[in-house]
Amino acid sequence: MGISRARLSTVCILLLLSLSLFPCAFSKSPRPISDVEIREKKNQCYADIESGLWGWQCTSSAIAKENCALRCLSPVCYELIYESDPLEEGEKDLIRSQEYKYCMYKSSLGESLDGVRGSFL
């Protein structure tokens, strides 16, 4: 008594649907993202920006490129830390930089991001 093709197809569709609806449940990692992985991903973001994938606004200035790279690297962390007040020309914001990195760390482990903003004040 084998599984029918229709039943097998239904099971596969439900499995794929559950993976797409609940990605955070499957994205937890046993270890946090490393500095090397962050650097590699950010370099890929810079390459994508330079190739025009992010639009002309991301190549209009060095700071625009940096804001786009941060958004590319982690949209959720960019939204939490920088979206309401993007980096400006000449700005060096070490506190928000640490918050962003901490956000990426927690996000890579699938942990809650509650309390990340303001955690380095």
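Provided above is the structure to which this section pertains.
Now for a description of the structure that goes with this document. Predicted model only: the values in this text are computed from it and were never measured.

Thoughts on a nonpolar patch on the surface
No. 1: Together, Ile95, Tyr102, Tyr105, Phe120 and Leu121 make up a nonpolar patch on the protein surface, roughly 510 Å² of accessible area in all.
No. 2: Its place among the elements puts Tyr105 in helix α6 (residues 94-108).
No. 3: With a relative accessible area of 38%, Tyr105 lands in the partly exposed category.

Some details on the side chain of Lys42
No. 1: Locating Lys42 in the fold gives a position in helix α3 (residues 35-50).
No. 2: Those residues in contact with Lys42 that lie beyond four places of it in its chain are Glu66, Ala69, Leu70 and Leu73.

Some thoughts on the packing of aromatic side chains
No. 1: Within the structure shown, the criterion is met by three aromatic pairs.
No. 2: Between Tyr82 and Tyr100 the ring centres are 5.7 Å apart and the planes differ by 50°, which places this aromatic pair in the tilted class. Separated by 18 residues along the polypeptide, Tyr82 in the loop between α5 (75-81) and α6 and Tyr100 in helix α6 bring together distant segments of the chain.
No. 3: A centroid spacing of 5.8 Å and a plane angle of 85° characterise the contact between Tyr102 and Phe120, whose relative ring orientation is edge-to-face. With Tyr102 in helix α6 and Phe120 in the segment after α6, this residue pair connects regions lying 18 residues apart in the sequence.
No. 4: When its relative accessible area of 31% is taken as the criterion, Tyr102 is described as partly exposed.
No. 5: An aromatic cluster is present here, built from Tyr78, Tyr82 and Tyr100 joined pairwise through their rings.

Some remarks on the pattern of salt bridges
No. 1: This structure, assessed with the given rule, holds seven salt bridges.
No. 2: Between Glu37 and Arg31 there is a salt bridge; the shortest N-O distance is 2.8 Å.
No. 3: Using a relative accessible area of 44% as the deciding quantity, one classes Arg31 as partly exposed.
No. 4: Ionic pairing is found between Lys42 and Glu66, a salt bridge with its closest N-O pair at 2.7 Å. Here Lys42 is found in helix α3, whereas its partner Glu66 is found in helix α4 (residues 62-73), with 24 residues between them in sequence.

Cut-offs and rules
Residues numbered from 1 in each chain as written. Predicted model: local features only at pLDDT ≥ 70, side-chain atom pairs only at ≥ 80, totals over all residues. Heavy atoms only, no water. Patch = residues over 30% accessible without salt bridge, like charges linked within 9 Å, V, L, I, M, F, W, Y side chains within 5 Å. Areas by Shrake-Rupley, 256 points an atom, 1.4 Å probe, with all protein chains shown as cover. Salt bridge = Lys/Arg side-chain N within 4 Å of Asp/Glu carboxyl O. Helix = DSSP H or I, 4+ residues; strand = E, 2+ residues; numbered from the N terminus. Buried < 20%, exposed > 50% of the residue type's maximum accessible area, 1.4 Å probe, protein only. Contact = heavy atoms within 4.5 Å. Phe/Tyr/Trp six-rings, centres within 6.5 Å; stacked < 30°, edge-to-face > 60°.

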